[in-house]
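Structure at a glance
Here are the chains, one letter per residue:
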Amino acid sequence: ELAFDAAVEAFREREREWRKKVAEEQRANLALKEAMLERLRQTIQEEENIGAAFAVFNEVREEWEKVGDVPGDKHKDIHDVYYRLRDEFFYNINIYKELKENDLKINQKKKEDLIEQAKGLAGIEALQDKEKMARGLQKQWLDVGPSPRETYQEMADTFFGMIRPVFDEVKAHYDQIRATFAGNAEAKQALI
């Protein structure tokens, strides 16, 4: 009986140590998962780059799956928070994509308006006014921001196809003036 009691006591002691070790591991896992939740929460609130946000999300998801159990009384709460944040992440990503698409459409409309204004360059007679308007339109075009990729190149080619001839005309005009400067310089040299 004494040997049996000693064996039972040794077993109970090992079981207590094992339970203590498991509890410590679960508390450590809880701390890790809470840190992951905070990282995910910050990503949802602050990250605007979709690619970077997905990279953080996937990293957190992989780490989450690798980390073991948490204390039983905290398991439901922490998993509920994780799944709520996961749903919020995808909800925000969808909203951000819709906003981005809306911005692209607005920018496309602005660029189409600039193309229409650039068509009016041909009707301006005064070279200085034509150059001033062309430079203003070019600056506005560059300030507008991105538009849908499908139409960007075609619109850019159209717009700059109308603007370039104006700048070529201005350059030719100033080249002609510089040529007269050279002729005037020769005439003045002859007089000297």
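Residues numbered from 1 in each chain as written. Predicted model: local features only at pLDDT ≥ 70, side-chain atom pairs only at ≥ 80, totals over all residues. Heavy atoms only, no water.

For helix α2 (residues 50-66), spanning 17 residues, the distance from its first C-alpha to its last is 24 Å, which sits close to the expected 24 Å at 1.5 Å a residue. For α2, the set of buried residues is Ala53, Val56, Phe57, Val60 and Trp64. Along the long axis of α2, the arc covered by the buried residues comes to 100 degrees, so they all point the same way. With respect to the buried face of α2, the exposed residues turned more than 90 degrees away are Glu65 and Lys66. (Helix = DSSP H or I, 4+ residues; strand = E, 2+ residues; numbered from the N terminus. Expected span 1.5 Å × (residues − 1). Buried < 20%, exposed > 50% of the residue type's maximum accessible area, 1.4 Å probe, protein only. Arc of directions from axis to C-beta.)

Note on placement: Gly183 falls in helix α5 (residues 149-191). What makes Gly183 partly exposed here is its relative accessible area of 37%. Residues Gly183 and Arg19, spaced 164 residues apart in sequence, show a C-alpha to C-alpha distance of 101 Å.

What follows is about the pattern of salt bridges. Under the criterion given, the structure shown has 16 salt bridges. A salt bridge links Glu13 to Arg16; its shortest N-O distance comes to 2.8 Å. A residue pair is termed a helical-turn pair when its members lie 3 or 4 positions apart in one helix, as Glu13 and Arg16 do in helix α1 (residues 2-46) at three residues. Overlapping salt bridges bring together Glu9, Glu13 and Arg16 as one network. (Salt bridge = Lys/Arg side-chain N within 4 Å of Asp/Glu carboxyl O.)

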